[in-house]
Amino acid sequence: MPSPSGVPLDRTTRLRRAADVLAAEVDGEMVMMDVEKGVYFGLDAIGTDIWKRLEAPATAAELADTLSRDYDADPATIERDVLALLSSLSEQGLVEAC
């Protein structure tokens, strides 16, 4: 799935949080605002966990590997779900390839 900049995301695309996104944790969930667009976004508890892990740049494969150690789920399913979330965040301009 392409990002806004046209870079296709796959399991090896290294991503980081976009610099202009304000984020705060509220009751265990992340609330983010794209300052430029003036739009709010929210992540559930697992999405918040992934966002926190993106404090340092990472790939979907790396995130899925560490998440599979913490959550009892099929690693392939975790990787697919992580890639879907990262693609969505990329489409919204919340993460970017690096």
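Before any of the text, the structure's been laid out above.
Scoring rules and cut-offs
Residues numbered from 1 in each chain as written. Predicted model: local features only at pLDDT ≥ 70, side-chain atom pairs only at ≥ 80, totals over all residues. Heavy atoms only, no water. Pairing = 2+ DSSP bridges. Helix = DSSP H or I, 4+ residues; strand = E, 2+ residues; numbered from the N terminus. Axes fitted to C-alpha atoms, helices over the stretch in contact; angles between N-to-C directions. Contact = heavy atoms within 4.5 Å. Buried < 20%, exposed > 50% of the residue type's maximum accessible area, 1.4 Å probe, protein only. Patch = residues over 30% accessible without salt bridge, like charges linked within 9 Å, V, L, I, M, F, W, Y side chains within 5 Å. Areas by Shrake-Rupley, 256 points an atom, 1.4 Å probe, with all protein chains shown as cover. Salt bridge = Lys/Arg side-chain N within 4 Å of Asp/Glu carboxyl O.

K.L.:
What exactly am I supposed to notice about the sheet that holds strand β4 (residues 39–43) here?
P.N.:
Strand pairing within a sheet occurs via backbone hydrogen bonds; the two strands may be parallel or antiparallel. Taken together, three strands build an open sheet; the order of strands is β2-β3-β4 and the sheet is antiparallel. At either end of the open sheet lies a strand with only one pairing partner, and these are β2 (21–26) and β4. Each strand of the sheet is rotated relative to its neighbour by a mean of 20 degrees, with strand direction disregarded. Bridge count between β2 and strand β3 (residues 29–34): six bridges; the pairing is antiparallel. Among the inter-strand pairings, A24 is bridged to a residue of β3, identified as V31. Across the sheet, helix α1 (residues 45–53) lies against β2, β3 and β4, angled at about 65 degrees from β3, the strand it touches most.

K.L.:
Looking at this structure, I do not really get the environment of A76. What am I missing?
P.N.:
By the element assignment, A76 lies in helix α3 (residues 75–91). Taking relative accessible area as the criterion, A76 reaches 52% and is therefore assigned exposed. Sequence separation of A76 and A19 is 57 residues, and the distance between their C-alpha atoms is 30 Å.

K.L.:
Before we go on, may I ask you to explain a nonpolar patch on the surface in this structure?
P.N.:
Taken together, the side chains of V26, V31 and Y40 present a nonpolar region at the surface, about 290 Å² in accessible area. Position of V31 relative to the elements: it lies in strand β3. Residue classification places V31 among the partly exposed positions, given a relative accessible area of 35%.

K.L.:
Can you walk me through the pattern of salt bridges in this structure?
P.N.:
Per the counting criterion, the structure on display carries eight salt bridges. The salt bridge partner of K52 is E25, with a shortest N-O separation of 2.8 Å. One end of the pair, K52, is in helix α1; the other, E25, is in strand β2, and 27 residues separate them in sequence. By relative accessible area, which is 42% here, E25 ends up partly exposed. A salt bridge links D70 to R53; the shortest N-O distance between them is 2.6 Å. Here the residue D70 occupies a position in helix α2 (residues 60–70), and R53 occupies one in helix α1, the gap between them amounting to 17 residues. Through salt bridges with shared partners, a single ionic network connects D49, R53 and D70.

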